[in-house]
Amino acid sequence: MVAGLVNALAFICLAGLLALVIYRTVIDGQALSAQIGPAIGLIGAVIVRSISQVAQERFGQLASARVRQRVRSELLEQWAARGPVNLAGRSSATLANHWVEQVEALDGYFVRYLPQQWLALLVPLSILAVVFWLDWLAALFLLIAAPLIPLFMALIGMSAERLSQQHVLEAGRLAGHFLDRVRSLTTLQLFGQVAQASADVTHTAEQYRAVTMRTLRVAFLSSAVLEFFASVAIAVVAMYIGFGLLGYIDFGPAPQLTLFSGLFILLLAPEFFQPLRNLAQHYHDRAAALGAADALVGLPPTEHGYPLRRRALSAGPRTNSVIAEHLKAGYPGRSAVLEDVSLSIDRGEVVALVGPSGSGKSTLLSCLAGFIQPEAGDVTLFGQAPGAEPVAWLGQKPFLIKGSWVDNLRLIAPDAELSAMHAALEAVGLKDVVAAQPQGLDTPLGEGGRGLSGGQAQRLALARVWLIDAELVLLDEPTASLDPESEAEVIEALLALARSGKTLLIATHHPAILAMADRALRLQDGRLTDD
Ligand code: ADP
Ligand code: MG
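Computed from a predicted model, the values in this text were never measured in an experiment.

Caption draft 1: Region of interest: the site of ligand 1. Lining the immediate environment of ligand 1, one finds 12 residues, of which Gly358, Gly360, Lys361, Ser362 and Thr363 sit closest. Separating an oxygen atom of ligand 1 from a backbone N or O atom of glycine 360 is a distance of 3.0 Å. Computed on the free molecule, ligand 1 has an accessible area of 560 Å², of which 66% lies beneath the protein chains in the complex. Residues of the shell around ligand 1, tallied by class, amount to four nonpolar, six polar and two charged.

Caption draft 2: Structural view of the packing of helix H2 (residues 36–87) against helix H3 (residues 92–104). At a closest axis distance of 11 Å, the pairing of H2 and H3 adopts a crossing angle of 165 degrees. Taken together, H2 and H3 sit at an angle that is classed as roughly antiparallel. With respect to the hand of their crossing, H2 and H3 are arranged in right-handed fashion. In this structure, H2 uses Arg68, Val71, Arg72, Leu75, Leu76, Trp79 and Leu87 to contact H3, whose residues at the interface are Leu95, His98, Trp99, Val100, Val103 and Glu104. Residues that form the contact of H2 with H3 fall into these classes: nine nonpolar, one polar and three charged.

Caption draft 3: Geometry of the packing of aromatic side chains. The tally for this structure, following the rule as stated, stands at 10 aromatic pairs. Seen from their ring centres, phenylalanine 260 and phenylalanine 264 are 5.7 Å apart, and the 45 degrees between their planes marks the pair as tilted. Taken as a pair, phenylalanine 260 and phenylalanine 264 lie in helix H8 (residues 259–281) at a separation of four residues, close to a single helical turn. Judged by its relative accessible area of 6%, phenylalanine 264 falls in the buried class. Pairwise contacts between aromatic rings join Tyr23, Phe260 and Phe264 into one cluster. Over the ring of tryptophan 99 we find arginine 72; its NZ or CZ atom is 5.5 Å from the centre of that ring.

Caption draft 4: Here's a closer look at the pairing of strand E10 (residues 519–524). Where strand E3 (residues 350–354) lies against E10, four bridges are found, and the strand directions are parallel. Note that in E10 the partner of leucine 353 across the bridge is leucine 521. Where E10 meets strand E11 (residues 527–530), four bridges bridge the pair, whose relative direction is antiparallel. Residue pairing for E11: glutamine 524 is matched across the bridge by arginine 527. Linking two consecutive strands that pair antiparallel, namely E10 and E11, is a turn of two residues; a positive phi of about 50 degrees is found at aspartate 525 within it.

Reading the values: the criteria
Residues numbered from 1 in each chain as written. Chains lettered and ligands numbered in written order. Predicted model: local features only at pLDDT ≥ 70, side-chain atom pairs only at ≥ 80, totals over all residues. Heavy atoms only, no water. Near = heavy atom within 4 Å. Polar contact = N/O pair within 3.5 Å; in protein donor to acceptor, adjacent residues only side chain to side chain. Areas by Shrake-Rupley, 256 points an atom, 1.4 Å probe, with all protein chains shown as cover. Nonpolar A, V, L, I, M, F, W, Y, C, P; charged D, E, K, R; others polar. Axes fitted to C-alpha atoms, helices over the stretch in contact; angles between N-to-C directions. Helix = DSSP H or I, 4+ residues; strand = E, 2+ residues; numbered from the N terminus. Parallel < 35°, antiparallel > 145°, perpendicular 65-115°, else oblique. Left-handed = near helix turned anticlockwise from the far one by under 90°. Contact = heavy atoms within 4.5 Å. Phe/Tyr/Trp six-rings, centres within 6.5 Å; stacked < 30°, edge-to-face > 60°. Buried < 20%, exposed > 50% of the residue type's maximum accessible area, 1.4 Å probe, protein only. Lys NZ or Arg CZ within 6 Å of the ring centre and 35° of its normal. Pairing = 2+ DSSP bridges.

If you want it as structure tokens, here you go:
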């Protein structure tokens, strides 16, 4: 903003010196060679202007980069506080869109709009002061024209804002829609629905286009209104100065107009409107940023009434067991899933958790992992609050990204050494599989572990558990979606994990896992009983 103001002041000097040089040579008949002083001033003003322009851009970019970085880290914190169970209701495409594009949409607001908002006030005021000193009647014309512009812009801007918010919404919807279709491509093909799906995508994209065009139309309309009023006002000032210089106007300060003051005012008049024009140009930045901000803060902390995860409490003394006492937990809008659950698992124990489907096994594991906050009762993992220290989690489907084997292992254990990775893969029985890969650990995998069998994918996920030093491993029906052969392989890997001294809690029905467990807990009607 300061740089922008310096820029405007430099322009005022430039216009004044230019008018002075022309006045002296044309009216006073001085030789051009006598104008060295003003000429040096002119060059100086041009240099100051260039420097301040660059400075304004640079500082704006810096500020915007910092703001975006902060917004991103706050988003991350929010997501972490909500936890995976709570976020499961949101499309990952929408979240990704927020993370990348909506945050990026804040850029223009901080680089351009915010400083311009102040410049649009300060620069016209300083120009008005100079013009007032030169000729108060000309200043009056400018003063009258100036408020009309913001007035009309505000009227148009209001609808622009609403449109822009719709635009953001539509973009998120398109992203989610498209991702859903891509993910279920196989299903669509099986049912012969590909043509229908592409028609759907076309339709949604068409809606997005329509909203975009409407937003643009309003943006163009607002700048047309602005240009019109600015041109009319400049023309009025020009006519006044022209007729004043010719001596046709006897009113007010007109007879005292000289070529210097007249030219000076004429040079300043467009510059008077320039900041407002810039503001109008950047107005869509504001609308876009507001739309994005709406989407970003649009997740209230307790959306759906889910309580937020409690922040990790200060570390207590370490103990040797995982303890839950009188745990009561559930989901909003329904009766508690866990009524009164107490359990105690010693370090190194392998405990199976059984119970009919829907009895709350996954819910109990989520409570222990800190993904959901119990309504009542206490959980401590070796003396710490859930979420204070990493726990390993493995569900029915492992989370594997598109990338190499190494990428997938590093996702959870960024600092792991290659030798440790090989050891982990050997422990879960994947050594031969890796050896058979064309590029070893650098062989690429598809999203969701495409290219691996279900059992191999699950064991790759288990290999991560070896790489991180989480003591508690929570497994939610790790073999449920596997064929018998893969099942046996995963159980083999689990056995190795159990022998390594980690504490395992496994929700399962599988007899082989039940056999390897030290004991089993049965969950029924929201309560635990020893099996
Ligand atoms: P299990 O893993 O033993 O099959 P869950 O813990 O997944 O059981 O589910 C217990 C109950 O909680 C079920 O009745 C289920 O419908 C409900 N439930 C699970 N997840 C949610 C959720 N995110 N929102 C609302 N209800 C849920
Ligand atoms: Mg479950």
